[in-house]
Amino acid sequence: ENGVKLAGWDGFIIDNWFSGNGKAGFGAYEKNASITMTGNRIEWNKLGGIVIHSPVWHYNICGNYIDRSGGPGIGILAKKEDSCQDFSIVGNIIHRSGKPDFRPLETYENAAVRFENVRGMVFSGNSMVAGCDDNSNVCECVIDDVCHMHDPHNGSNEMRLEKVTLPDGRELICYGRR
């Protein structure tokens with residue numbers, strides 16, 4: 001039910017189209033490492049666009065288009081006791097993700113991106129739009145250059161959080177600045 005379900009090391013996922021899957025476009029739920037994802041179109045997946053669980057290491061996620069995910073466009077969800085580190089996530093477009101179109105969403109699943117217990121991350125130059133859809137010319141929240149995590153050696157994962165309430169009453173948790 002995933003476009004790709006990965007368990008292993010040293011993978012290149014380049015120039016694919018993962019659409020309409022029952023779970024994630026890309027799902028990594030077991031130990032894996034050293035993955036490069038570039039130039040993929042990941043859209044209309046019920047669980048999320050890119051969903052990664054721990055333990056994982058060394059991901060390079062660059063230049064992908066992620067659209068209309070039924071959860072976060074990119075979700076890296078690590079358990080505190082596991083290692084989840086060394087991510088470079090740069091130059092992606094994450095559009096209309098975290099949508100409750102496919103299923104009811106749990107807390108924080110309506111985010112464009114969701115990172116839990118991740119160390120050593122660069123997240124920059126990504127473009128995200130939340131709170132708007134095809135039939136709207138106005139977006140309530142536009143986020144860019146967000147979620148700068150720093151100093152992984154002492155465990156500090158400081159992020160700026162902002163809660164945005166949409167006109168229909170839904171709340172979005174935005175990482176970074178509006």
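Use the structure listed above.
Below is a summary of the structure that appears in this document. (Residues numbered from 1 in each chain as written. Predicted model: local features only at pLDDT ≥ 70, side-chain atom pairs only at ≥ 80, totals over all residues. Heavy atoms only, no water.)

### A closer look at the nonpolar core
Item 1. In this structure, Ile52, Tyr59, Ile76 and Phe87 are the most contacted members of the largest nonpolar core, which totals 28 residues.
Item 2. Put simply, the parts of the chain that give this core at least two residues each are strand S4 (24–28), strand S5 (32–38), strand S7 (48–53), strand S8 (56–62), strand S10 (74–77), strand S11 (84–90), strand S13 (113–116) and strand S14 (119–124).
Item 3. Excluding residues that lie within four positions of it along the chain, Phe87 makes contacts with Ile52, Val56, Tyr59, Ile76, Val118, Gly120, Met121 and Val122. (Core = buried A, V, L, I, M, F, W, Y, C linked by side-chain atoms within 4.5 Å. Buried < 20%, exposed > 50% of the residue type's maximum accessible area, 1.4 Å probe, protein only. Helix = DSSP H or I, 4+ residues; strand = E, 2+ residues; numbered from the N terminus. Contact = heavy atoms within 4.5 Å.)

### Here's the deal with the sheet that holds strand S1 (residues 4–5)
Item 1. Read across the sheet, five strands follow the order S1-S4-S7-S10-S13 without closing on themselves; strand pairing throughout is parallel. The strands lining the two open edges of the sheet, one partner per strand, are S1 and S13.
Item 2. Relative to S4, S1 is paired through two bridges, and the arrangement is parallel. Following the sheet pairing, Lys5 is matched in S4 by Gly27. (Pairing = 2+ DSSP bridges.)

### Brief notes about the pairing of S7
Item 1. The element S7 is largely enclosed, with a buried count of five among its six residues.
Item 2. As paired strands, S4 and S7 are joined by four bridges and run parallel to one another. In the strand pairing of S7, Ala24 is matched with Gly48.

The values are spatial; any link to function lies outside them.
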